[in-house]
Amino acid sequence: VTLLVERILRDAGYRTGCACTEGVLVDGAWIVRGDEAGSRGLWWATRRRGLQALLAETARGGILRYGLGFSLCHASVVTNVHADHLGLHGVSSVESMAAVKAILPERTRPDGVTVLNGDQPLVRDMAAKSSARAVYFTLAEPLESWEYCWFVRDGAIFCKRGPSVERVVDVDRVQLAHGGAVR
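I will try to describe carefully the structure that is included in this document. Throughout, a residue's number is its position along its own chain's written sequence, starting from 1. Under the rules for a predicted model, residues below a pLDDT of 70 receive no local features and side-chain atom pairs below 80 are neither given nor counted, while totals for whole chains, interfaces and linings still include all residues. Only hydrogens and water are set aside when side-chain values are computed; all heavy atoms of the structure are taken into account.

**A word on the nonpolar core**
Among the nonpolar cores identified, the biggest contains 21 residues, and Val81, Leu116, Val123, Met126 and Tyr136 are the most heavily contacted of them. Elements with a minimum of two residues in this core: α4 (94–101), β7 (133–138), β8 (148–153) and β9 (156–161). Helix and strand definitions follow DSSP, with helices as H or I runs of at least four residues and strands as E runs of at least two, each counted in order from the N terminus. No other element matches the three residues that α4 contributes to this core. Pairs of residues are marked as contacts when any of their non-hydrogen atoms sit within 4.5 Å. In contact with Val81, not counting residues within four places along its chain, are Val94, Met97, Ala98, Lys101, Gln120, Leu122, Val123 and Met126. To define a nonpolar core, start from buried Ala, Val, Leu, Ile, Met, Phe, Trp, Tyr and Cys residues and group those joined through side-chain atoms within 4.5 Å. Summary of the burial criterion: residues with accessible area below 20% of their type's maximum are buried, those above 50% are exposed, and those between are partly exposed, where the area comes from a 1.4 Å probe applied to protein chains only.

Put into structure tokens, the structure is as follows:
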């Protein structure tokens, strides 16, 4: 997700820096290779002047070991909460894993946006911990209470904004979905 958003912003003309598990990328060039998700990678990226967007993969391990590396962000994305890596750094349940990952929506600016997986209740519930606007994505039908949502229906991606629903694109036209084969 981090690299995808970085590429979208870079293609839109922004000067970008990105810290992720593959390294640190500045304007499309790798300046450090290896796992740099977290605060150390952000430090490398911010040493470059003139960046307009800074993207940070903030894996649960990095949050627990080093913290976020920033106090507030404009946007956050939480894709899932799974039972992987339980037992590491005091995380012993899926609920405690969700509490760690909820730090991102909690640290998203009130004028920002937090993007949440609406198919997972523990992720969906993170909206209540954030003062940012919640935007959900789901493969199911959106809940009525969701003001903003992107969802899949009848082979297409739809956007729900308040009461209005708009068909955006057929899934088979989205290259990342490999003709609709990738959920």
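Next comes the rest of the account.
**Brief notes about the layout of surface pockets**
Space inside and on the surface of the protein is sampled on a 1 Å grid over the protein atoms alone, with a cavity defined as a set of points where a 1.4 Å probe fits but cannot get out and a pocket as an open set with protein on both sides within 12 Å along at least 5 of 7 lines; lining residues have an atom within 4 Å of a point. Grid points are joined across faces, edges and corners, and a volume is the space filled by probe spheres set on the points. As a volume, the largest pocket reaches approximately 1,400 Å³. Along the wall of the largest pocket there are 49 residues; nearest its centre are Thr2, Leu55, Ala56, Glu57 and Thr58. Every element with two or more residues in the lining of the largest pocket is listed here: α1 (2–11), α2 (39–46), β4 (53–56), α3 (60–66), β5 (73–78), α4 and β6 (108–117). Taken together, the residues that form the lining of the largest pocket break down as 25 nonpolar, 15 polar and nine charged. Computed from the structure, the second largest pocket encloses a volume of approximately 1,200 Å³. Three classes are used: nonpolar for Ala, Val, Leu, Ile, Met, Phe, Trp, Tyr, Cys and Pro, charged for Asp, Glu, Lys and Arg, and polar for all others, with Gly counted as polar. Along the lines of polarity and charge, the residues of the lining of the second largest pocket split into 20 nonpolar, seven polar and two charged.

**As for the packing of aromatic side chains**
The rule is short: rings of Phe, Tyr and Trp, with Trp giving its six-membered ring, pair when the centres are within 6.5 Å, and they are stacked under 30 degrees, edge-to-face over 60, tilted in between. Per the stated rule, a full pass over the model turns up three aromatic pairs. With a centroid separation of 4.3 Å and an interplanar angle of 15°, the aromatic rings of Tyr136 and Trp146 are classed as stacked. On the criterion of sequence distance, the pair formed by Tyr136 in strand β7 and Trp146 in the loop between β7 and β8 is long-range, its members being 10 residues apart. Each member of the pair Tyr136 and Trp146 is classed as buried. Centroid distance Phe151 to Phe158: 5.5 Å. Interplanar angle 15°. Geometry classified as stacked. Whether a charge sits over a ring comes down to the Lys NZ or Arg CZ being within 6 Å of the ring centre and within 35 degrees of the ring normal. The ring of Phe158 is capped by Arg153, whose NZ or CZ atom sits 5.3 Å from the centre of that ring.

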